[in-house]
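Listed here are the chains, written in short residue letters.
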Amino acid sequence: MATIANSVAHPTLISADPFVPAREQKNLHNRWHPDIPAVATVKPGQVFNVECVDWTGAQIGNNDMSDDIRDVDLTCVHNLSGPIAVEGAEPGDCLVVDILDVKPFDKMPWGYTGIFELENGGGLFAREFQSRAAKAIWDFKGVYATSRHIPGVRFAGVSHPGLIGTAPSAELLATWNKREGALIEAHANAVPPVAYGPLVPGAYVGQDLPDDVRAKIYREGARTIPGREHGGNCDIKNLSRGSRCYFPVFVKGANLSVGDLHFSQGDGELSFCGAIEMAGIVTFSTSIIKGGVEKFAMKQPIFLPSPVDPLYSSKLIFQGISVDYHGDGTQYNMDATVAYKQAALNAIAYLMKIGYTREQAYLLLSAAPVESHIGAIVDSPNACVTLALPLGIFEHDILPKDEGLKKLEFGQCAVRSDGVL
């Protein structure tokens with residue numbers, strides 16, 4: 001018979017409360033710096049759990065207004081759990097991280113997708129739409145998500161950490177700050193900013209540290225917003241349970257951190273806060289490949305995506321090329337970003353014909369399991385990018401018909417209390 005003596009639960013190395021502000025919790029941090037000490041150490045092969053707050057640290061509520069999105073404090077994101085050291089990991093090694101499970105907290109079976117203000121975060125279409133805050137709340141029922149703010153859709157999530165990576169060395173951190181600082185200086189008046197440099201206000205490390213060490217981390221620490229050589233905020237939607245990540249190691253112990261959990265996300269995470277953001281629990285196991293950076297010619301991480309994927313075989317695919325035909329008609333040379341934007345704008349325009357508002361369509365493309373691919377990037381002057389919208393997520397037929405598209409009423413997503421869009 002089964003006995004408790006033969007069963008050992010996997011330990012939870014970091015605990016977090018999704019309803020408590022991140023700045024009031026231990027073992028969280030929101031900057032990258034080699035001097036942030038590990039809060040736990042694991043042996044290779046050990047299975048362990050890590051709890052995570054949502055990326056804003058409990059700033060967004062389950063309600064029907066987007067004032068919290070409008071007013072979100074971006075100086076104190078993302079809130080990461082860690083770092084966790086792995087015994088035996090040394091600079092030049094490859095840290096192998098198996099993502100064994102990703103799930104929301106039972107006590108918080110909901111998440112959100114947001115459109116951020118042009119002047120506070122932005123998003124892919126911040127300038128084109130002159131973005132104002134909007135959001136959708138999603139309810140989780142098993143593997144499925146639905147939203148009262150975007151009716152008529154239901155889809156299976158591919159839950160994953162949007163942000164996961166190892167700690168940088170002092171040399172790598174200096175490289176980041178120098179190159180990104182030069183970009184910021186060259187575009188000093190950009191709205192939204194082209195990058196975010198080190199910033200003391202909002203910086204947080206939830207550990208007891210000497211004052212001088214804390215001050216150095218806050219002064220030098222890299223923001224967590226972009227992905228970099230160590231991994232970071234790459235938002236790869238198929239890094240769900242069953243995935244394997246290969247990270248270069250830059251410091252002793254590797255010092256792995258994780259956060260920004262997503263219940264679901266479309267390729268590209270268009271609206272900046274574009275996934276279904278959630279708080280939850282990740283289960284990991286790690287191993288080390290000695291000298292892996294040299295063995296694999298690693299400049300950045302390598303990923304083996306999950307074999308678990310929702311079966312949406314039928315898709316409506318929208319094409320985009322590097323001509324700004326939704327704007328001033330400018331021809332760009334092989335610009336895949338312009339092509340991607342055109343494909344997404346084509347899909348948004350189509351969804352508006354069905355009855356969704358522009359804000360609902362923008363949020364949906366960000367949150368649903370939408371796939372985007374580069375079709376061609378060699379045929380000058382036009383890069384070709386596609387965006388595939390799964391038909392199976394809709395409760396109604398959205399295919400083109402001879403008589404046109406039937407326009408339905410889907411209301412509106414959550415908007416600001418002053419009604420500004």
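Description of the structure in this document. Only a predicted model underlies this, so the values are computations on that prediction, with no experimental measurement involved. (Residues numbered from 1 in each chain as written. Predicted model: local features only at pLDDT ≥ 70, side-chain atom pairs only at ≥ 80, totals over all residues. Heavy atoms only, no water.)

### Quick word on helix H7 (residues 358–367)
Then, in step 1: Counted residue by residue, H7 has nine buried out of ten residues, so it is predominantly covered.
Then, in step 2: Those residues of H7 that sit buried are Glu359, Gln360, Ala361, Tyr362, Leu363, Leu364, Leu365, Ser366 and Ala367. (Buried < 20%, exposed > 50% of the residue type's maximum accessible area, 1.4 Å probe, protein only. Helix = DSSP H or I, 4+ residues; strand = E, 2+ residues; numbered from the N terminus.)

### Remarks on the pattern of salt bridges
Then, in step 1: Overall, the coordinates contain 18 salt bridges when judged by the stated rule.
Then, in step 2: Notably, a salt bridge pairs glutamate 229 with arginine 179, separated by 2.7 Å at the nearest N-O pair. Highlighted residues: glutamate 229 in the loop between strand E12 (227–228) and strand E13 (231–232) and arginine 179 in helix H3 (residues 170–186), separated in sequence by 50 residues.
Then, in step 3: Here arginine 179 falls in the partly exposed class, since its relative accessible area comes to 39%.
Then, in step 4: Counted as one network, the salt bridges with shared partners bring together Glu117, Glu119, Arg132, Arg416 and Asp418. (Salt bridge = Lys/Arg side-chain N within 4 Å of Asp/Glu carboxyl O.)

### Considering the nonpolar core
Then, in step 1: Judged by nonpolar contacts, the single largest core of 72 residues is most densely connected at Trp138, Phe155, Phe284, Leu351, Leu364, Leu365 and Phe394.
Then, in step 2: Beyond its immediate stretch of four places on either side in the chain, phenylalanine 394 contacts Gly152, Val153, Leu351, Tyr356, Leu364 and Leu389.
Then, in step 3: The next biggest cluster of nonpolar side chains, apart from the first, holds 16 residues, and it includes Ile60, Ile137, Ala279 and Ile281. (Core = buried A, V, L, I, M, F, W, Y, C linked by side-chain atoms within 4.5 Å. Contact = heavy atoms within 4.5 Å.)

### Things to note about the sheet that holds strand E18 (residues 302–304)
Then, in step 1: An order of E1-E4-E17-E6-E14-E18 is seen for the six strands of this open sheet, with the pairing classed as mixed. Of all strands in the sheet, those bounded by a partner on one side alone are strand E1 (12–14) and E18. Between one strand and the next, the sheet's axes are offset by a mean angle of 30°, whatever the strand orientation.
Then, in step 2: Pairing geometry for strand E4 (residues 47–52) and strand E17 (residues 280–289), over six bridges, is antiparallel. Across the sheet, asparagine 49 pairs through a bridge with threonine 283, a residue of E17. (Pairing = 2+ DSSP bridges. Axes fitted to C-alpha atoms, helices over the stretch in contact; angles between N-to-C directions.)

### As for the packing of helix H6 (residues 336–354) against H7
Then, in step 1: Where H6 meets H7, the closest approach of the two axes is 9 Å, and the angle between their N-to-C directions is 130°. Relative to H7, the element H6 lies oblique. Seen from above, H6 lies across H7 with right-handed handedness. Here Ala344, Ala347, Ile348, Leu351 and Met352 of H6 lie close against H7, whose contacting residues are Arg358, Ala361, Tyr362, Leu364 and Leu365.
Then, in step 2: When the residues that make up the contact of H6 with H7 are grouped by side-chain class, the tally is nine nonpolar, no polar and one charged. (Parallel < 35°, antiparallel > 145°, perpendicular 65-115°, else oblique. Left-handed = near helix turned anticlockwise from the far one by under 90°. Nonpolar A, V, L, I, M, F, W, Y, C, P; charged D, E, K, R; others polar.)

### Quick notes on a nonpolar patch on the surface
Then, in step 1: On the surface, Ile374, Ile377 and Val378 cluster together to form a nonpolar patch covering roughly 310 Å² of accessible area.
Then, in step 2: Locating isoleucine 374 in the fold gives a position in strand E20 (residues 371–376). (Patch = residues over 30% accessible without salt bridge, like charges linked within 9 Å, V, L, I, M, F, W, Y side chains within 5 Å. Areas by Shrake-Rupley, 256 points an atom, 1.4 Å probe, with all protein chains shown as cover.)

### Some remarks on unusual backbone geometry
Then, in step 1: A cis amide bond links valine 77 with the next residue in sequence, histidine 78, at an omega value of -15°.
Then, in step 2: Structurally, histidine 78 can be placed in the loop between helix H1 (67–70) and strand E5 (80–86).
Then, in step 3: One non-glycine residue, alanine 58, lies in the positive phi region at around 75°.
Then, in step 4: Structurally, the position occupied by alanine 58 is in the loop between E4 and H1.
Then, in step 5: Residue classification places alanine 58 among the partly exposed residues on the basis of a relative accessible area of 31%.
Then, in step 6: The backbone phi angle of aspartate 235 is positive, close to 50°, even though this residue is not glycine.
Then, in step 7: Tracing the sequence through the fold places aspartate 235 in the loop between E13 and strand E14 (243–248).
Then, in step 8: For aspartate 235, a relative accessible area of 15% corresponds to the buried category.

### What to know about the sheet that holds strand E19 (residues 315–321)
Then, in step 1: Reading across the sheet, the three strands line up as E19-E21-E20 and stay open at both edges, with antiparallel pairing between neighbours. With partners counted over all chains shown, the strands left at the sheet margins are E19 and E20, one partner each. Averaged over all pairs of adjacent strands, the angle between their axes in this sheet comes to 25°, without regard to strand direction.
Then, in step 2: Sheet topology note: the E19/strand E21 (residues 384–390) ladder contains seven bridges and is antiparallel. Each residue of the ladder has a partner; that of isoleucine 317, found in E21, is alanine 388.
Then, in step 3: H6 contacts E19, E20 and E21 of the sheet and is inclined by roughly 135° relative to E19.

### Section: the environment of glutamate 359
Then, in step 1: If you trace the backbone, glutamate 359 turns up in helix H7.
Then, in step 2: Judged by relative accessible area, glutamate 359 falls into the buried class, the value being 12%.
Then, in step 3: Once the C-alpha coordinates of glutamate 359 and alanine 414 are considered, the two residues, 55 residues apart in sequence, prove to be 9.4 Å apart.
Then, in step 4: The contact partners of glutamate 359, leaving out residues within four places of it in the chain, are Ile115, Ala134, Gln412, Cys413 and Leu421.
Then, in step 5: A polar contact of 3.1 Å, which involves the side chain of glutamate 359, links it to the side chain of glutamine 412. (Polar contact = N/O pair within 3.5 Å; in protein donor to acceptor, adjacent residues only side chain to side chain.)

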